[in-house]
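Structural overview for review
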Amino acid sequence: MSSTNDRHMTRTNAGLSRPSATPPRAVPTLTVQAEVAHDAAVPRLPTTVVSSWKGGVWKTAISASIAERLAFAGLDVLYLVTDDQLDARRRLGISESDPDVARVQRGPGSITVVGLAGAHAVDVLYRSGPGRFGRFDAVVVDTPPVKKGGCLPGVLLIAPTDGDDASANLIRMLRATPANTEIVLVRIDAVPKREWAQDAAVIHDASNQAGPLAYLSDPLPRTDEVREALNRGQSVWTLARRGATREFLQGLESLAGVVWARIRPDTALPPLGANAAAAVHIRGWDDDA
Ligand SMILES: Nc1ncnc2c1ncn2[C@@H]1O[C@H](COP(=O)(O)OP(=O)(O)O)[C@@H](O)[C@H]1O
Ligand SMILES: [Mg+2]
């Protein structure tokens, strides 16, 4: 019996057995280089990362306050949150019902809060740039407590620590920090200045950091006023500048000064305008007079 199928098979077989048929040629696999980590990469905008491999060391408090200080100085800041955004948004008085990309004014400048993790954050920082979120003068990055928070190249890395455990993790984090990243260590909570200077030297030696490393000379003090302001979404820069709160603000002012020098190297950080200082200072009555 000869069906259409049989006839087809015969034809095909005849074709395959043709002695002149050229054998199939294998196309060789070409190698594509894996994307290499660029230890020498530089972000598209001046970038400050606040990171430490520990939670509760005031990373969000410091990063939000620096973003605010830069805005008060007239800059438009992209505040890139690679952690859960809620804390950062609350600090800046942004409510849950506000848009995902929220913008707040601080004096003549602004802060735009964007939550992006991992490769998306890297894309905005090093490849596509932040254009789709607006035009910015600088980026401040708030990170979760992960080791890789210290891995970004070409940035200013502000690394807070609150003691030995945190410092042990910090050392491991800094070992992976590229040499073209500038590091500033920050000690939070009260310890004597000299003890902190020694700790900073130990952290530096143990981390084998090839790149530049500095430390904020005075530890940032704990204050109820600062904690309460942060919790109600009030800018710390509007607090009365006295006692431990003043010391805290002086520390942040110094950090903001280092950040500013990378963004506008030719000018000094403009002093806070009256709009930032809501509180009245009474000389002779406030305790720093
Ligand atoms: N100077 C300060 N004095 C007192 N409490 C503070 C101070 N700075 C931050 N805090 C509080 O410490 C807690 C942890 O701060 P946070 O910035 O969320 O840390 P992280 O982002 O590292 O987890 C928050 O409740 C915050 O309000
Ligand atoms: Mg945080």
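Placed above this text is the structure.
Only a predicted model underlies this, so the values are computations on that prediction, with no experimental measurement involved.

1. Notes on the overall build of the chain
The number of helices and strands found in the chain is eight helices and eight strands. Relative to all contacts within the chain whose residues are 6 or more apart in sequence, the contacts with residues 24 or more apart total 81%.

2. Description of the site of ligand 1
Of all residues adjacent to ligand 1, which total 16 residues, the nearest are Lys59, Thr60, Ala61, Val226 and Arg227. Among the elements that line the shell around ligand 1, the one with the most residues is helix H7 (residues 224-231), at four residues. Grouping the amino acids of the shell around ligand 1 by side-chain chemistry returns seven nonpolar, five polar and four charged.

3. Looking at the pairing of strand S3 (residues 102-106)
The pairing of S3 with strand S4 (residues 109-115) spans five bridges and is antiparallel. By the bridge assignment for S4, Arg103 is matched with Thr112. Between S3 and S4, which pair antiparallel in sequence order, lie two residues; one of them, Gly107, sits at a positive phi of approximately 60 degrees.

4. Digging into the environment of Arg264
Along the polypeptide, Arg264 turns up in the segment after helix H8 (243-263). A C-alpha to C-alpha distance of 9.6 Å links Arg264 and Asp137, two positions 127 residues apart in sequence.

5. Points about the packing of helix H5 (residues 164-175) against helix H6 (residues 193-207)
H6 packs onto H5 with a crossing angle of 40 degrees between their chain directions and a minimal axis gap of 8 Å. By the criterion of interaxial angle, the relationship of H5 to H6 is oblique. Between H5 and H6 lies a crossing of right-handed hand. For the pair formed by H5 and H6, the contact residues are Ser167, Leu170, Ile171, Leu174 and Arg175 on the first element and Asp199, Ile203, Ala206 and Ser207 on the second. Within the contact of H5 with H6, the residues separate by chemical class into five nonpolar, two polar and two charged.

6. A look at unusual backbone geometry
Residue Trp58 is not a glycine yet carries a positive backbone phi of 70 degrees. Checked against the element boundaries, Trp58 lands in the loop between strand S1 (47-50) and helix H2 (59-72). Taking the number of C-beta atoms within 10 Å as the measure of exposure, Trp58 has 22 and is therefore buried. Not every positive phi belongs to a glycine, and Asp189 is a case in point at roughly 80 degrees.

7. Observations concerning H5
An α-helical segment advances 3.6 residues per turn. Residues three or four places apart therefore align on the same side. The terminal C-alpha atoms of H5, which comprises twelve residues, lie 17 Å apart, in line with the 16 Å expected from a rise of 1.5 Å per residue. Within H5, the full set of buried residues consists of Ala166, Ser167, Leu170, Met173 and Leu174. Along H5, the residues classed as buried sweep out an arc of 115 degrees about the axis, all on the same side. The exposed set on the far side of H5, more than 90 degrees from its buried face, consists of Asp164 and Asp165. Structurally, H5 contributes buried residues whose contacts are with strand S6 (156-161), strand S7 (182-187) and H6.

8. A look at the nonpolar core
By size, the foremost hydrophobic cluster in this structure holds 68 residues, and its most contacted members are Ile66, Ala67, Leu70, Val77, Tyr79, Ile158 and Val184. For Ile66, the residues in contact, after removing those within four places along its chain, are Thr48, Val140, Leu252, Leu255, Ala256 and Val259.

9. Some remarks on the sheet that holds S6
As summarised here, the arrangement of the eight strands in space is S3-S4-S2-S5-S1-S6-S7-S8, forming an open sheet in which the pairing is mixed. Every interior strand has two partners, whereas the edge strands, S3 and strand S8 (213-215), have only one. Each strand axis lies, on average, 20 degrees off the axis of its neighbour in the sheet, ignoring direction. Here S6 pairs with S7 via six bridges, running parallel. The residue of S7 that forms the bridge with Ile158 is Val184. Across the face of the sheet, H6 comes into contact with S7 and S8 while running at roughly 140 degrees to S7. Along the sheet, H8 makes contact with S1, strand S5 (138-142), S6 and S7, crossing S6 at roughly 165 degrees.

Each value, and the rule that gives it
Residues numbered from 1 in each chain as written. Chains lettered and ligands numbered in written order. Predicted model: local features only at pLDDT ≥ 70, side-chain atom pairs only at ≥ 80, totals over all residues. Helix = DSSP H or I, 4+ residues; strand = E, 2+ residues; numbered from the N terminus. Contact = placed C-beta atoms within 7 Å. Near = placed C-beta within 6 Å. Nonpolar A, V, L, I, M, F, W, Y, C, P; charged D, E, K, R; others polar. Pairing = 2+ DSSP bridges. Axes fitted to C-alpha atoms, helices over the stretch in contact; angles between N-to-C directions. Parallel < 35°, antiparallel > 145°, perpendicular 65-115°, else oblique. Left-handed = near helix turned anticlockwise from the far one by under 90°. Buried ≥ 20, exposed ≤ 12 C-beta atoms within 10 Å, placed from the backbone. Expected span 1.5 Å × (residues − 1). Arc of directions from axis to C-beta. Core = buried A, V, L, I, M, F, W, Y, C linked by C-beta atoms within 7 Å.

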